[in-house]
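Summary of structural features
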Amino acid sequence: NAGVTQTPKFRVLKTGQSMTLLCAQDMNHEYMYWYRQDPGMGLRLIHYSVGEGTTAKGEVPDGYNVSRLKKQNFLLGLESAAPSQTSVYFCATSQISPGGTYEQYFGPGTRLTVT
Amino acid sequence: GDSVTQMEGPVTLSEEAFLTINCTYTATGYPSLFWYVQYPGEGLQLLLKATKADDKGSNKGFEATYRKETTSFHLEKGSVQVSDSAVYFCALSNNFNKFYFGSGTKLNVKP
């Protein structure tokens, strides 16, 4: 099993360009998340999804859009990239564990630089 | 709202030293608590967890005890190794399946 994969691993954009980050999972998890990680700020939730066809805003959603057309994929879009969106982006999934708690599983990350 | 505060790093230790990374939380209800570890260039991996007060999570020599009276979940290891060098994140999850992460503590272990 591949677990959680992210495409691409690295990307450099110019201000105003658009792009889509792809997250794919083969664990059949219902919940999926997009975070950004910035130095000294830990992980901040951008958007999340509780199932196919659903999305919801997280802590820092402005400037991003998401779609969950298929259960196994969660796309993060930047319509008009800005330098403030330079960050490392992580996708995660979760499912309730046998003990009744949720555990998250993370992808390897996408390092995005906007110049 | 829910939040996690952990000690700032970096923490630099010699091999075989004792490790403590402090973590405190603010939450409504009875959250689950986690420690995640991030090795360079990788995503976060679950290290250990605790789901109720006084539970002790443990894995790979690391331990943390869920202390509701002090709202803390400090990470400890008796003897660190160079291979433990990484960034450690404390996190909590409430019953709405949302996770809140601390800012991370970088650990450097010198031989």
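The structure presented is a predicted model; accordingly, all values stated were derived computationally and were not measured.

Quick word on the state of the cysteines
Residues and elements named next belong to chain A. The tally for this structure, following the rule as stated, stands at 2 disulfides over all chains. Note on cysteine connectivity: C23 is disulfide-linked to C91, with sulfurs 1.9 Å apart. With the S-S bond torsion at -75°, the cross-link from C23 to C91 turns out left-handed. Of this pair, C23 sits in strand 3 (residues 19-25) while C91 sits in strand 9 (residues 87-96); the two residues are 68 residues apart in sequence, bridging distant segments of the chain.

Some details on the sheet that holds strand 7 (residues 56-59) of chain B
Residue and element names in this part refer to chain B. The 4 strands lie next to each other as 3-9-8-7, forming an open sheet whose pairing is antiparallel. The sheet is open, and its two borders are formed by strand 3 (19-21) and strand 7, each paired with just one other strand. Shown here is a sheet whose adjacent strand axes are inclined to one another by a mean of 15°, direction ignored. Note that strand 8 (residues 62-65) and strand 9 (residues 75-77) share 3 bridges and pair antiparallel. Bridge pairing in strand 9 places E63 opposite E76.

Rules behind the numbers
Residues numbered from 1 in each chain as written. Chains lettered and ligands numbered in written order. Predicted model: local features only at pLDDT ≥ 70, side-chain atom pairs only at ≥ 80, totals over all residues. Heavy atoms only, no water. Disulfide = S-S within 2.5 Å. Helix = DSSP H or I, 4+ residues; strand = E, 2+ residues; numbered from the N terminus. Pairing = 2+ DSSP bridges. Axes fitted to C-alpha atoms, helices over the stretch in contact; angles between N-to-C directions.

Distances and angles like these do not, on their own, reveal function.
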